[in-house]
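These are the residues of each chain, in order.
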Amino acid sequence: MQSEPGRTLRRWAYAAVAWLVVCFVWHGVPLWIGCAVLTMRGVPGLVENVTTATGLTPHGLLGMEKEAVDTGSRDFWKTMVINGYFFLGAVLLVPATVLSRRSRRRARVRCGVDAARPAKARS
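Residues numbered from 1 in each chain as written. Predicted model: local features only at pLDDT ≥ 70, side-chain atom pairs only at ≥ 80, totals over all residues. Heavy atoms only, no water.

**Student:** Could you give an account of the overall build of the protein chain, with specific residues and numbers?
**Tutor:** Within the protein chain, the regular secondary structure consists of 3 helices and 0 strands. Listing each helix as α and each strand as β along the protein chain from the N terminus yields α-α-α. Burial statistics for the protein chain: of 123 residues in total, 15% are counted as buried. Considering only contacts within the protein chain whose residues lie at least 6 apart along the sequence, 56% involve residues at least 24 apart. If you sum the accessible surface of the protein chain, you get close to 9700 Å²; carbon and sulfur atoms cover 69% of it. (Helix = DSSP H or I, 4+ residues; strand = E, 2+ residues; numbered from the N terminus. Buried < 20%, exposed > 50% of the residue type's maximum accessible area, 1.4 Å probe, protein only. Contact = heavy atoms within 4.5 Å. Areas by Shrake-Rupley, 256 points an atom, 1.4 Å probe, with all protein chains shown as cover.)

**Student:** Give a description of the pattern of salt bridges that names residues and reports values.
**Tutor:** Applying the stated rule across the entire model yields 1 salt bridge. Notably, a salt bridge pairs Lys78 with Asp75, separated by 3.8 Å at the nearest N-O pair. With a gap of 3 residues between them, Lys78 and Asp75 both fall in helix H2 (residues 74–116), about one helical turn apart. (Salt bridge = Lys/Arg side-chain N within 4 Å of Asp/Glu carboxyl O.)

**Student:** Lay out a nonpolar patch on the surface in plain terms, naming residues and giving numbers.
**Tutor:** A cluster of nonpolar side chains, namely Val43, Val47, Leu61, Leu62, Met64, Phe87, Leu88, Val91 and Leu92, defines an oily patch on the protein surface of about 840 Å² accessible area. Sorting the residues of the nonpolar patch by element identifies helix H1 (4–53) and H2 as the ones contributing at least two each. For the nonpolar patch, the element with the most residues is H2, which contributes 4 residues. Inspection of the secondary structure puts Leu92 in helix H2. In this structure Leu92 comes out as exposed when scored by relative accessible area, which is 56%. (Patch = residues over 30% accessible without salt bridge, like charges linked within 9 Å, V, L, I, M, F, W, Y side chains within 5 Å.)

**Student:** So what about the packing of aromatic side chains? Which residues, and what values?
**Tutor:** The full count for this structure, using the stated rule, is 2 aromatic pairs. With a centroid separation of 5.2 Å and 90° between ring planes, the pair formed by Phe76 and Trp77 is classed as edge-to-face. Of the residues examined, Trp77 reaches a relative accessible area of 42% and is grouped as partly exposed. Ring centres of Tyr85 and Phe86 lie 6.3 Å apart, and the angle between their planes is 70°; this geometry places the pair in the edge-to-face category. (Phe/Tyr/Trp six-rings, centres within 6.5 Å; stacked < 30°, edge-to-face > 60°.)

**Student:** Give a detailed account of the confidence of the model for the protein chain, specifying residues and quantitative values.
**Tutor:** Considering every residue of the protein chain, the mean pLDDT works out to 82; 89% of them sit at 70 or more. Across the protein chain, the element-wise mean pLDDT spans from 53 in helix H3 (residues 119–122) up to 85 in H1. (pLDDT = per-residue confidence, 0-100.)

**Student:** Report on the environment of Arg101, specifying residues and quantitative values.
**Tutor:** Mapped onto the elements, Arg101 comes out in helix H2. Assessed through its relative accessible area of 40%, Arg101 is described here as partly exposed.

**Student:** So what's going on with H1? Residues and values would help.
**Tutor:** The first and last C-alpha atoms of H1 sit 72 Å apart over 50 residues, in line with the 74 Å expected at 1.5 Å per residue. Burial in H1 covers these residues: Gly6, Gly28, Gly34, Cys35, Leu38, Gly42, Gly45, Leu46, Asn49, Thr51 and Thr52. Downstream of H1 by one or two residues, Gly55 has phi in the positive range, about 90°. (Expected span 1.5 Å × (residues − 1).)

**Student:** Which residues make up the side chain of Thr52, and what values do they have?
**Tutor:** Relative to the helices and strands, Thr52 resides in helix H1. Those residues in contact with Thr52, other than ones at most four positions away along the chain, are Thr57, Pro58, Gly60, Val69, Thr71 and Phe76.

**Student:** An account of the side chain of Thr57 is requested, with residue identities and associated values reported.
**Tutor:** In this structure, Thr57 sits in the loop between H1 and H2. Under the relative-accessibility criterion, Thr57 is labelled buried at 16%. In this structure the side chain of Thr57 is engaged in a polar contact, spanning 2.9 Å, whose partner is the side chain of Thr51. Ignoring any residue separated from it by four or fewer positions in sequence, one finds Thr57 in contact with Glu48, Thr51 and Thr52. (Polar contact = N/O pair within 3.5 Å; in protein donor to acceptor, adjacent residues only side chain to side chain.)

Below is the structure:
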């Protein structure tokens, strides 16, 4: 039979682990969603801006503009900055997320290997 302080400690420990799991899920799902959103928004937008600015696609990447886009307008450059910002976010966040996942995977494998070794071999 376990003492009351022991049971209380166990409840607090379970609550702390539950909180950690929720926190991990809370922060791990947005990374992948953020990567997808930044990539889908930033890459095509910046490609369109660059091809329009260089004159390759004066009517937009899909050619849907009736008139050639005015690359000297404030709106065009404002869009270029916004798309560049999203593109930079994708360039920074995607590798960080992938490397983080690989690091967590290696840590899990390492913990599993260490846990399987006898205590005498660990020291």
